[in-house]
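If you want the building blocks of each chain, they are given just below.
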Amino acid sequence: MTDPTDGDAVRRPRPLVRPLVEFAIVGGASLFVIFYLIPNETMATANWGLSPRMVPTVSAALILGLAAINLVAGLLRPATVAAAQSLHGLPTVVALILASVVGVAVVDRAGLIVGGTVLSLLVSLSIGERHPLRLLGVGATSLALLYLVDWSGL
Amino acid sequence: METFLLAAQDAFTPAALVSVFGGILLGYIVGVLPGLSRPAALSVAVPITYSMSPIAAIAFLVGVTKASAAGGATSAILLNTPGEPSSAATCFDGYPLARKGEATRALKVALFASVFGDMVATLVLIGLAAPLAAFALRMGPVEMTAVMIFALTFIAALSGASLPRGLISGVLGLFLATVGLDPESATPRMTFGMVELFDGIPLTAATIGMLAFTEMLLQAQLFAERRRSGAAQAAFPVETDKAIRWPDIRRVFPTTLTATGIGIGAGIIPGLGPTIGAFLSYAINKRLAKPGDQYGKGDLKGVAATEAADNAVLPASLIPLFAIGLPGSVSAAILVSAFMLHGVQPGPLVFEQHPRLIYGIYVSMLIASVFMLLVGRVGLNLFAQVTRVPIRLIIPMVVLFCVIGAYLERDTVFGVFAMLGLGVLGYVMQRYGYSVVTFLIGFVVGPLFELSLRQALIVTNHDVSKVLDHPIALGFLIAAVVAGVVFLRPSAISPPIDD
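Residues numbered from 1 in each chain as written. Chains lettered and ligands numbered in written order. Predicted model: local features only at pLDDT ≥ 70, side-chain atom pairs only at ≥ 80, totals over all residues. Heavy atoms only, no water.

Considering empty space enclosed by the protein
Empty space among the atoms becomes visible once a probe the size of a water molecule is rolled across them. Residues and elements named next belong to chain B. This model, assessed by the stated rule, comprises seven cavities of 30 Å³ or more. Its volume calculated, the largest cavity comes out at about 100 Å³. Tyr28, Ala70, Thr74, Leu107 and Leu111 are the residues nearest the centre of the largest cavity, which is lined by 13 residues in total. Those elements that provide at least two residues to the lining of the largest cavity are helix H4 (54-79), helix H6 (103-137) and helix H15 (355-383). Across the lining of the largest cavity, the residue classes break down as nine nonpolar, three polar and one charged. (1 Å grid on protein atoms, 1.4 Å probe; cavity = no way out; pocket = protein on both sides within 12 Å on 5 of 7 lines; lining within 4 Å. Points joined across faces, edges and corners; volume = space filled by probe spheres on them. Helix = DSSP H or I, 4+ residues; strand = E, 2+ residues; numbered from the N terminus. Nonpolar A, V, L, I, M, F, W, Y, C, P; charged D, E, K, R; others polar.)

In structure tokens:
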């Protein structure tokens with residue numbers, strides 16, 4: 001796996017609105033977690049140090065603080081930005097995610113063997129595979145693999 | 001000496017040798033396939049050993065455990081899909097190496113580092129079990145908290161180009177690790193009334209989703225772009241160099257040695273386990289990188305750093321088990337049941353009551369290391385053929401592996417949906433420069449950190465000054481402060497590159 005933060009960047013002027021939007025998303029999510037999610041979904045106790053809320057709240061507050069630092073750094077430092085990432089291929093990504101979700105729903109309804117085979121076929125179709133023989137090959141291989149897993153008892 | 005020779009004789013009987021070999025084969029399969037976890041395979045394998053002699057039974061189980069650790073690297077390197085959570089860190093450099101056309105070299109280094117780490121840790125087990133176990137006994141909650149704080153400081157070292165974003169990712173991992181039942185009070189936290197979330201977000205789903213499914217989304221995007229532009233569609237470039245040469249060995253060996261030491265440490269300290277050991281080793285070795293090293297972009301050192309540590313954990317985790325009866329990892333805990341099944345109670349008396357069996361197990365472990373090398377070396381050429389498979393076939397098969405892996409962990413689709421959700425989150429994070437590596441460190445270390453911290457608060461009665469009564473903890477805290485200062489010094493922080 002390549003870590004994109006380590007990659008070389010093609011540099012161009014940085015729009016100021018980007019750090020603000022980033023802070024709005026990350027900071028907003030942190031505030032939502034601190035003031036809504038944790039109070040409503042986690043029981044409080046008298047002893048803060050031993051409270052189930054302690055680590056989640058501290059974590060969310062840290063994220064908020066770090067997002068603020070990221071905002072200040074983004075606004076003040078003479079940074080440059082990577083070239084806008086290509087949006088080409090994004091429909092394929094969305095199609096792949098949808099195919100996976102539908103496939104998993106079939107796994108839930110019809111079991112791992114049938115659902116898994118359907119999933120692999122849907123994923124193949126989502127990335128543009130249309131050749132019948134290749135689709136047959138993917139389906140047959142998936143079926144054999146899933147039978148092996150089922151047979152092994154694991 | 002006579003007992004040792006008799007034990008060696010037991011270990012070299014055909015039944016024991018076949019058991020070890022069978023265990024190695026089964027372990028390799030378990031390791032290669034994502035989701036078939038080592039503890040699950042061990043649990044299934046324990047009843048198989050009912051009819052075996054004690055030494056054959058333990059040798060079989062040791063073979064399963066050792067080979068699953070080594071096999072986990074294969075799918076991590078070739079498909080960016082960790083066969084075991086402990087192999088997740090191997091993806092960071094193994095997969096980029098495969099993408100550069102060095103899959104076989106990466107697989108070889110993973111195998112040799114695994115065998116080396118395993119063998120050295122076994123020798124340490126044989127020679128130093130008793131004194132090292134005494135050290136393990138001194139690791140209480142305060143010491144564990146200090147170790148965890150030390151481990152978490154390495155998030156800063158692995159943050160990539162943007163330190164705040166790297167830290168946000170790490171803390172997000174820590175936060176998501178708190179979902180589920182509270183470890184002290186057992187009250188639900190952010191579970192939305194879903195029973196499936198009581199055990200938290202599944203670790204396998206998180207590692208597979210964040211690494212493998214995310215990578216398949218990125219590959220699908222690249223595939224579509226290439227198809228649009230009419231570029232070549234090969235998943236991996238043709239391998240031109242498959243050999244490991246003397247300069248490679250000389251370069252990688254110190255890293256392997258350091259990683260083995262870290263793995264042994266992680267094995268001796270109960271609770272840390274192979275996943276934390278491998279991540280910690282990767283972080284420390286990346287921090288110790290020399291000019292020219294390319295951690296994160298495909299460096300053989302990165303593969304050696306994680307694999308040697310991962311494989312050193314199991315033999316080392318048997319040190320507290322044999323010496324004081326305290327298992328150092330989940331796998332070691334399952335081995336306890338196997339010992340008891342065959343009438344052996346691990347603990348200080350085991351060397352007096354069953355010396356022949358224990359020495360026989362030692363010899364079997366060394367035999368298992370040799371078999372692991374042989375099986376791995378033969379299988380390596382077969383596994384490397386994956387690089388010839390076109391990407392249009394790899395994507396559906398890896399997504400299927402992801403689903404199988406996440407499904408098998410808990411036998412419900414909940415884990416699969418969690419894997420998909422985290423995969424999408426990982427895709428968005430990668431796209432906007434948030435490190436997935438630091439996220440996983442926070443997520444892996446989080447539960448043990450929280451548990452240790454709260455136990456430490458109880459032990460010290462919320463009095464921080466009582467840390468002074470714990471010299472080991474104090475040592476780790478000082479090391480954490482030093483590491484934090486080193487990692488956060490201005491020259492270590494690159495100017496931010498936004499996307």
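Next comes the rest of the account.
Side note on the packing of helix H4 (residues 112-126) of chain A against helix H16 (residues 391-410) of chain B
At their nearest, the axes of H4 of chain A and H16 of chain B sit 8 Å apart, and the two run at 145° to each other. Here the hand of the crossing between H4 of chain A and H16 of chain B comes out right-handed. From H4 of chain A, Leu112, Gly116, Leu119, Ser120, Val123 and Ser124 of chain A reach across to H16 of chain B, where they touch Ile395, Pro396, Val399, Leu400, Val403 and Tyr407 of chain B. By residue class, the composition of the contact of H4 of chain A with H16 of chain B is nine nonpolar, three polar and no charged. (Axes fitted to C-alpha atoms, helices over the stretch in contact; angles between N-to-C directions. Left-handed = near helix turned anticlockwise from the far one by under 90°. Contact = heavy atoms within 4.5 Å.)

Some points on H4 of chain B
Residues and elements named next belong to chain B. Taking 1.5 Å of rise per residue, the 26 residues of H4 would be expected to cover 38 Å, and the 38 Å separating its terminal C-alpha atoms lies within 8% of that figure. Buried residues dominate H4, accounting for 25 of its 26 residues. A positive phi of about 60° marks Asn80, the residue just after H4. (Expected span 1.5 Å × (residues − 1). Buried < 20%, exposed > 50% of the residue type's maximum accessible area, 1.4 Å probe, protein only.)

Notes on the UniProt feature "transmembrane region" (unreviewed entry) in chain A
All names here are of chain A. Under the UniProt annotation, the feature "transmembrane region" (unreviewed entry) is placed at residues 20-38, 58-76, 88-106, 112-128 and 135-153. Within residues 88-106, the helical portion is 89% and the strand portion 0%, while the C-alpha atoms at the span's ends are 29 Å from each other. The annotated region residues 112-128 carries 88% helix and 0% strand content, and the separation between its end C-alpha atoms amounts to 24 Å. (UniProt positions renumbered as here; feature names shortened; annotations may be inferred.)

A word on unusual backbone geometry
Residue Ala186 of chain B is not a glycine yet carries a positive backbone phi of 60°. The class for Ala186 of chain B is partly exposed, based on a relative accessible area of 47%.

Details of the packing of aromatic side chains
All names here are of chain B. Applying the stated criterion across every chain, the model contains nine aromatic pairs over all chains. Where Phe439 meets Phe443, the ring centres are 6.0 Å apart and the plane angle is 10°; that geometry is what we call stacked. On the criterion of helical spacing, the pair formed by Phe439 and Phe443 is a turn pair, its members being four residues apart in helix H18 (residues 436-459). Through pairs of rings, three or more aromatic residues link up here, namely Phe92, Phe279, Tyr282 and Tyr295. The aromatic ring of Tyr434 is capped on one face by Arg165, whose charged end is 5.6 Å from the ring centroid. (Phe/Tyr/Trp six-rings, centres within 6.5 Å; stacked < 30°, edge-to-face > 60°. Lys NZ or Arg CZ within 6 Å of the ring centre and 35° of its normal.)

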